[in-house]
Amino acid sequence: EAGVAQSPRYKIIEKRQSVAFWCNPISGHATLYWYQQILGQGPKLLIQFQNNGVVDDSQLPKDRFSAERLKGVDSTLKIQPAKLEDSAVYLCASSLDPAAKNIQYFGAGTRLSVL
Amino acid sequence: DQQVKQNSPSLSVQEGRISILNCDYTNSMFDYFLWYKKYPAEGPTFLISISSIKDKNEDGRFTVFLNKSAKHLSLHIVPSQPGDSAVYFCAASAKSNEKLTFGTGTRLTIIP
């Protein structure tokens, strides 16, 4: 079974530039999550999708971050414009059925450096 | 407001001995707890979980203990092996939704 795929693995941009990350979850997983992990901290949930609908985006900085999952499969997370404090690893995860307390499976992440 | 705390940033244990990683939480609504393991340049991988209706869950060398009155859980690894060297994250979720709240992690180093 293929795992959660993310690209790119690394990205370096200057502040005020835009960047986009892509995630393809495990086949059949209805729920998709984007996390931000700043160095020395645990992952923090940015947004949760159930199929193509948003379940929770309470911690997404909506003035600069956006995410979509148009067909209920893969997803993109965008930052526009980026700030220095956005430097972090962006992790995507998926789960089969969160109501059943199913486990979240994580991708390897995209490491973003904002200079 | 850190609802899940791992107060030990790092821990070193001799190979073959027991590793004990601790986690404290403040939100009494949390009812499901998980441990994730993370190697460098990889995403976290699920290790073991426990529901609040239990106080112990065991899977091979890994055992998680939950003390609800103290709002404390611990992960025991015995015997510890070099491949166990990684960062371990404690995570929790509440009845109302499935959002995971993670701790800051503990870096475990197993000394051969």
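Residues numbered from 1 in each chain as written. Chains lettered and ligands numbered in written order. Predicted model: local features only at pLDDT ≥ 70, side-chain atom pairs only at ≥ 80, totals over all residues. Heavy atoms only, no water.

Novice: What should I look at first to understand the overall build of chain A in this one?
Specialist: When helices and strands are counted, chain A shows zero helices and 11 strands. Along its sequence from the N terminus, chain A presents helices and strands in the succession β-β-β-β-β-β-β-β-β-β-β. Whereas a compact globule of 115 residues would reach a radius of gyration of roughly 13 Å, chain A reaches 13 Å, a difference of no more than 12%. Along the three orthogonal principal directions, the C-alpha set of chain A runs to about 40 × 25 × 25 Å. The buried share of chain A, reckoned over its 115 residues, is 45%. For chain A, the proportion of contacts with a sequence separation of at least 24, taken over those separated by at least 6, is 53%. Accessible surface computed for chain A: about 5700 Å², of which carbon and sulfur atoms make up 51%. (Helix = DSSP H or I, 4+ residues; strand = E, 2+ residues; numbered from the N terminus. Rg over C-alpha atoms; globule rule 2.2 N^0.38 Å. Buried < 20%, exposed > 50% of the residue type's maximum accessible area, 1.4 Å probe, protein only. Contact = heavy atoms within 4.5 Å. Areas by Shrake-Rupley, 256 points an atom, 1.4 Å probe, with all protein chains shown as cover.)

Novice: In this structure, what is going on with the pattern of salt bridges? I would like to understand it.
Specialist: For side chains bearing opposite charge, pairing can occur when the charged atoms are close. Inspection of every chain in the model, using the stated rule, returns five salt bridges over all chains. The partner of A:D57 in a salt bridge is A:K62, with the nearest N and O atoms 3.7 Å apart. Here B:D84 and B:K37 are joined by a salt bridge, their closest N and O atoms 4.0 Å apart. Here the residue B:D84 occupies a position in the loop between β8 (72–77) and β9 (86–94), and B:K37 occupies one in strand β4 (residues 30–38), the gap between them amounting to 47 residues. In this structure B:K37 comes out as buried when scored by relative accessible area, which is 11%. Three or more residues are tied together by salt bridges with common partners; here these are B:K37, B:R61 and B:D84. (Salt bridge = Lys/Arg side-chain N within 4 Å of Asp/Glu carboxyl O.)

Novice: Would you mind showing me how to read the state of the cysteines here?
Specialist: The term disulfide refers to a covalent linkage connecting the sulfur atoms of a pair of cysteines. All names here are of chain A. Across all of its chains, the model carries two disulfides over all chains by this definition. Disulfide pairing places C23 opposite C92 at an S-S distance of 1.9 Å. Since a negative S-S torsion denotes a left-handed disulfide, the C23-C92 link at about -70° is left-handed. Of this pair, C23 sits in strand β3 (residues 19–24) while C92 sits in strand β9 (residues 88–95); the two residues are 69 residues apart in sequence, bridging distant segments of the chain. The buried category is assigned to C23, whose relative accessible area is 0%. (Disulfide = S-S within 2.5 Å.)

Novice: When you look at the sheet that holds strand β7 (residues 62–67) of chain B in this model, what are you seeing that I'm missing?
Specialist: Neighbouring strands of a sheet are bound in pairs by backbone hydrogen bonds; such pairs are parallel or else antiparallel. All names here are of chain B. Read from one edge of the open sheet, five strands run β1-β3-β8-β7-β6, paired in antiparallel fashion. Two strands close off the open sheet at either side, each with one partner strand: β1 (4–5) and β6 (56–59). Examined bridge by bridge, strand β3 (residues 19–25) and β8 share six bridges and lie antiparallel to one another. Looking at the pairing, D24 lines up with H72 of β8. (Pairing = 2+ DSSP bridges.)

Read these as layout, nothing more, since geometry by itself doesn't imply function.
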